[in-house]
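Residue-level structure breakdown
The primary structure of each chain is shown beneath.
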Amino acid sequence: VGVGEAAFLGTGPAPASSSGSYNVEVTAQSAVDAKTVKTNTITSDGFERRGFNIPQNARLVVLDGADVVGEATMANGKASIRVPEEGLFACVVTLPGYFHYFD
């Protein structure tokens with residue numbers, strides 16, 4: 001578990017949805033400069049243009065309440081993930097050593 005990942009460990013997989021599921025394409029963007037967060041790139045930290053090096057792929061967790069409904073590794077800042085058709089979901093993207101944001 002990396003820095004920030006301990007903030008959410010979840011309760012495990014959600015019960016299977018009877019309504020089906022659909023595929024969602026997701027892109028991780030920096031909240032500072034809106035550029036895609038890709039491995040082995042340098043991004044702004046808000047003060048310096050080349051403030052952060054992105055050492056590895058980010059991890060995406062999709063939640064329905066405290067239930068995990070999907071997880072994916074965001075290869076080069078992008079992921080494709082299946083989620084249930086119904087529900088209100090929160091997404092958490094973590095990258096060890098960085099703060100995370102959920103929406």
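These figures come from a predicted structure and were not determined experimentally.

Scanning the chain for helices and strands turns up 0 helices and 8 strands. In sequence order, the secondary structure elements of the chain are arranged as β-β-β-β-β-β-β-β. Classification of the 103 residues of the chain by burial places 26% in the buried group. Counting contacts in the chain only where the partners sit at least 6 residues apart, residues at least 24 apart contribute 53% of the total. Surface accessibility of the chain: about 6,800 Å² in total, with carbon and sulfur atoms responsible for 53%.

Further remarks concern the pairing of strand β5 (residues 67–74). Sheet topology note: the strand β4 (residues 58–64)/β5 ladder contains 7 bridges and is antiparallel. If you follow L63 over to β5, its bridge partner there is V68. Hairpin connection from β4 to β5: 2 residues lie between these consecutive antiparallel strands, with G65 at a positive phi of about 70°.

Quick look at the environment of V32 now. Within the secondary structure layout, V32 lies in the loop between β1 (21–27) and β2 (42–43). In this structure, the C-alpha to C-alpha distance between V32 and S44, residues 12 residues apart in sequence, is 6.8 Å. Each residue touching V32, except ones within four places of it in the same chain, is listed here: S44, D45 and G46.

A residue-level look at the chain finds 77% of positions with pLDDT of 70 or above and a mean pLDDT of 77. Mean pLDDT per element in the chain: strand β8 (residues 101–102) is the minimum at 52, and strand β6 (residues 78–84) is the maximum at 89. Here residues 1–8 is a poorly scored stretch, pLDDT under 50, and it has 17 contacts once near neighbours within four places are set aside; other chains count.

Turning to unusual backbone geometry, a few remarks are in order. Phi is positive for N40, close to 60°, though the residue is something other than glycine. With a phi close to 55°, N76 is a non-glycine residue in the positive phi region. By secondary structure assignment, the location of N76 is in the loop between β5 and β6. With relative accessibility at 44%, the residue N76 sits in the partly exposed group.

Our next topic: the pattern of salt bridges. A side chain of one charge can pair with a side chain of the opposite charge if their charged atoms are brought near each other. Applying the stated rule across the entire model yields 1 salt bridge. Note that E71 and R59 form a salt bridge whose closest N and O atoms lie 2.9 Å from each other. On the criterion of sequence distance, the pair formed by E71 in strand β5 and R59 in strand β4 is long-range, its members being 12 residues apart.

If you look at soluble globular proteins, the nonpolar side chains tend to sit buried side by side. By size, the foremost hydrophobic cluster in this structure holds 13 residues, and its most contacted members are V37, L60, V62, M74, I81 and L95. When sequence neighbours within four positions are dropped, the list of residues in contact with V62 reads D67, V68, V69, G70, I81, V83, F89, A90 and C91.

Reading the values: rules and limits
- Residues numbered from 1 in each chain as written.
- Predicted model: local features only at pLDDT ≥ 70, side-chain atom pairs only at ≥ 80, totals over all residues.
- Heavy atoms only, no water.
- Helix = DSSP H or I, 4+ residues; strand = E, 2+ residues; numbered from the N terminus.
- Buried < 20%, exposed > 50% of the residue type's maximum accessible area, 1.4 Å probe, protein only.
- Contact = heavy atoms within 4.5 Å.
- Areas by Shrake-Rupley, 256 points an atom, 1.4 Å probe, with all protein chains shown as cover.
- Pairing = 2+ DSSP bridges.
- pLDDT = per-residue confidence, 0-100.
- Salt bridge = Lys/Arg side-chain N within 4 Å of Asp/Glu carboxyl O.
- Core = buried A, V, L, I, M, F, W, Y, C linked by side-chain atoms within 4.5 Å.

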